[in-house]
Amino acid sequence: MQVNLSEMYVDDDIKKAVNDVLDSGQYVKGKNLAAFETEFAAYCNAKYAVGVSSGTSAMLLAMMALGIGRGDEVIVPSHTFIATASPAKFLGATPIYVDIDPVNYNLDPSKLEKAITPNTKAIIPVHLYGHPADMDPIMHIAKEHGITVVEDACQAHGAEYRGKRTGSIGDLAVFSFFPSKNMTVAGDGGMVLTDNKELAHKMSMLRDHGRTDKYLHELLGLNLRMSEIPAAIGRQQLKHLPEWIKRRREIASMYNDLLEDTVTVPKEADWAKHAYYVYTLQTSNRDSLREYLHSKGISTGIYYPVPVHRQPCMEARNVDLPLTDECVKRIISIPMHPKLTDEQIHYIVDNIKRGI
Ligand SMILES: Cc1ncc(COP(=O)(O)O)c(C=O)c1O
């Protein structure tokens, strides 16, 4: 049996949506992007959405709109994908790393205050694996210090924090629609959400060469736009997201019940609704387990083996993150997607028990 880590859903509606765009002759800045922005913002309970070419573009656009640059600091976890922090660094700012809560893997709010300086411009909590970060204390501390919060919700479509959708809590939120995500555009795509009208307007200009007219460029922007084909696919995928989250949660609950005596299973906080983008467990013999599972046709992933502060290009010095450094040696993610069958789940569980 071969079991993939993630799988994209394709149906006739998606194929028709692509064909309709091909037939329309309108490939950028058309009705699909406008509609996808409205529909995704409504789903997440945010007022405005700006569709872009990837989650990385979304983070870059958010940082550009906030005017982040040389001399500024942004606070981030290090246990995340590099694109949480690299756009700020790319603009000349310095990422300041905060260690994680070892249970939910997200930025630990109790360590936040110590990282704040007069140069701090933004705090970027990540809802890693689809489990929300503990946002209330983060928002409270940010407000006290007048700092903007940008949620990195690239892994958390459909997750909830105390009944609120991720993406509706911070001042801004960024999403990715990469193919493995809870919903995708069948390629690269991203979105920034905000309730702030001026920021939304600025971002819609910045992603489109800072235009006020076709060849009049008021702001120094880039081309970060999302095209019509991905937007049309995203609209179709969004329709299925609630049922997919439900199935992901059922699968996680089966894994939890069957594996809790064997390995450290993920724990959902009582204030959280986990969207289970990935299902990550911990064990001391992660590497040999991984090899064993691969020999049985079961794909696994490690999100992420090298923390951001240890990436050569990030040039971070004297950073002490013991909990981040410890967890990356033990984590392993096993297949998680709505198409997994109960038979596959039992096959995976049986092999984990054998391979441990
Ligand atoms: C936490 C996080 N931030 C940012 C990104 C960047 O998104 P993209 O790959 O769409 O550029 C990702 C995507 O994998 C992510 O997981």
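What you see is a predicted model, and the numbers here were worked out from it, not measured in a lab. (Residues numbered from 1 in each chain as written. Predicted model: local features only at pLDDT ≥ 70, side-chain atom pairs only at ≥ 80, totals over all residues.)

**A short note on the overall build of the protein**
At step 1: Each helix and strand in the protein was counted, giving 10 helices and 14 strands.
At step 2: In terms of overall dimensions, the protein is globule-like: its C-alpha atoms have a radius of gyration of 20 Å, near the 21 Å expected for 356 residues.
At step 3: Considering only C-alpha atoms, the protein reaches an extent of 65 × 55 × 35 Å along its principal axes.
At step 4: A sequence separation of at least 24 residues applies to 69% of the contacts in the protein between residues at least 6 apart. (Helix = DSSP H or I, 4+ residues; strand = E, 2+ residues; numbered from the N terminus. Rg over C-alpha atoms; globule rule 2.2 N^0.38 Å. Contact = placed C-beta atoms within 7 Å.)

**A word on the site of the ligand**
At step 1: Close contacts around the ligand come from 15 residues, with Ser 54, Gly 55, Thr 56, Cys 154 and Ser 176 the closest.
At step 2: Taken together, the residues that form the shell around the ligand break down as 5 nonpolar, 8 polar and 2 charged. (Near = placed C-beta within 6 Å. Nonpolar A, V, L, I, M, F, W, Y, C, P; charged D, E, K, R; others polar.)

**Points about the packing of helix H1 (residues 12-24) against helix H7 (residues 228-259)**
At step 1: Where H1 meets H7, the axes come as close as 9 Å, and the angle between the chain directions of the two elements is 150°. Accordingly, the angle class assigned to the pair H1 and H7 is roughly antiparallel. For H1 against H7, the interelement crossing comes out right-handed. Between H1, through Asp 13, Ile 14, Ala 17, Val 18, Asp 20 and Val 21, and H7, the contact on the second element is made entirely by Glu 228, Ile 229, Ala 232, Ile 233, Arg 235 and Gln 236.
At step 2: Looking at the contact of H1 with H7 residue by residue, the class counts come to 7 nonpolar, 1 polar and 4 charged. (Axes fitted to C-alpha atoms, helices over the stretch in contact; angles between N-to-C directions. Parallel < 35°, antiparallel > 145°, perpendicular 65-115°, else oblique. Left-handed = near helix turned anticlockwise from the far one by under 90°.)

**Section: the sheet that holds strand E5 (residues 148-152)**
Paired through backbone hydrogen bonds, the strands of a sheet run either parallel or antiparallel to each other.
At step 1: Here 7 strands make up an open sheet; going across it, the order is E1-E9-E8-E5-E4-E2-E3 and the pairing mixed. A strand with exactly one partner marks an edge of an open sheet, and here the two such strands are strand E1 (48-52) and strand E3 (94-98). The average angle at which neighbouring strand axes cross in this sheet is 25°, direction not considered.
At step 2: Where E1 lies against strand E9 (residues 190-194), 5 bridges are found, and the strand directions are antiparallel. Counted as the bridge partner of Gly 51 is Met 191 from E9.
At step 3: Of the strands in this sheet, E1, strand E8 (172-176) and E9 touch helix H6 (residues 197-206), which is tilted by about 20° from E1. (Pairing = 2+ DSSP bridges.)

**A short note on the packing of helix H2 (residues 31-44) against H7**
At step 1: For the pair H2 and H7, the least separation of the axes is 8 Å and the interaxial angle reads 35°. With respect to the hand of their crossing, H2 and H7 are arranged in left-handed fashion. Mapping the contact onto sequence places Asn 32, Leu 33, Ala 35, Phe 36, Glu 39, Phe 40 and Tyr 43 in H2 and Glu 228, Ala 231, Ala 232, Gly 234, Arg 235 and Leu 238 in H7.
At step 2: Considering only residue class, the contact of H2 with H7 consists of 8 nonpolar, 2 polar and 3 charged.

**Here we look at the nonpolar core**
One recurring pattern in soluble globular proteins: nonpolar side chains tend to sit buried together.
At step 1: Membership of the largest hydrophobic core comes to 103 residues, with the highest contact counts inside it found for Leu 61, Ala 62, Val 174, Val 192 and Leu 193.
At step 2: Counting the residues that make up this core, at least three belong to each of domain 1 (12-235) and domain 2 (240-355).
At step 3: Those residues in contact with Ala 62, other than ones at most four positions away along the chain, are Val 150, Leu 172, Val 174 and Val 192. (Core = buried A, V, L, I, M, F, W, Y, C linked by C-beta atoms within 7 Å. Buried ≥ 20, exposed ≤ 12 C-beta atoms within 10 Å, placed from the backbone. Domains from an automatic or database assignment.)

**A look at the domain arrangement of the protein**
At step 1: When its domains are assigned, the protein resolves into domain 1 (12-235) and domain 2 (240-355).
At step 2: Of note, the centres of domain 1 and domain 2, computed from C-alpha atoms alone, are 24 Å apart.
At step 3: Each partner contributes residues to the interface: domain 1 has 31 residues there, and domain 2 has 29 residues.

**Details of helix H5 (residues 135-145)**
At step 1: Residues of H5 that are buried include every one of Met 135, Ile 138 and Ala 142, and no others. Projected down its long axis, H5 shows its buried positions confined to an angular sector of 65°, all on one face. Relative to its buried face, H5 has exposed residues pointing more than 90 degrees away, namely His 140, Lys 143 and Glu 144.
At step 2: Against strand E4 (120-123), E5 and strand E6 (160-161) lie the buried residues of H5.
At step 3: Looking one or two places after H5, you find Gly 146, whose phi comes out positive at around 65°. (Arc of directions from axis to C-beta.)

**Considerations on the sheet that holds E6**
At step 1: Strand order in the open sheet formed by 3 strands is E7-E6-E12, with antiparallel pairing between adjacent strands. At either margin of the open sheet sits one strand with a lone partner, and together these are strand E7 (164-165) and strand E12 (272-273).
At step 2: Bridge count for E6 against E12 is 2 bridges, and the pairing is antiparallel. Pairing of Glu 160 across the sheet is with Lys 273, part of E12.

**Some thoughts on the pairing of E5**
At step 1: The element E5 is largely enclosed, with a buried count of 5 among its 5 residues.
At step 2: Residues of E5 alternate between two faces, with Thr 148, Val 150 and Asp 152 on one and Val 149 and Glu 151 on the opposite face, all of them buried.
At step 3: Pairing analysis gives 2 bridges linking E4 to E5, with the strands arranged parallel. Looking at E5, one finds that Ile 123 is bridged to Val 149.
At step 4: The handedness of the E4 to E5 crossover, carried by H5, is right-handed.
At step 5: Direction of pairing for E5 relative to E8: parallel, over a ladder of 3 bridges. Looking across to E8, one finds that Glu 151 is bridged to Ala 173. (Right-handed = clockwise from strand over helix to strand, strands pointing away.)

**Focus: the environment of Leu 323**
At step 1: Note that Leu 323 resides in helix H9 (residues 322-327).
At step 2: Between the C-alpha atoms of Leu 323 and Asp 350, which are 27 residues apart in sequence, the distance is 30 Å.
At step 3: Contacts of Leu 323, omitting those with residues within four sequence positions, involve Asp 99, Ile 100 and Pro 102.

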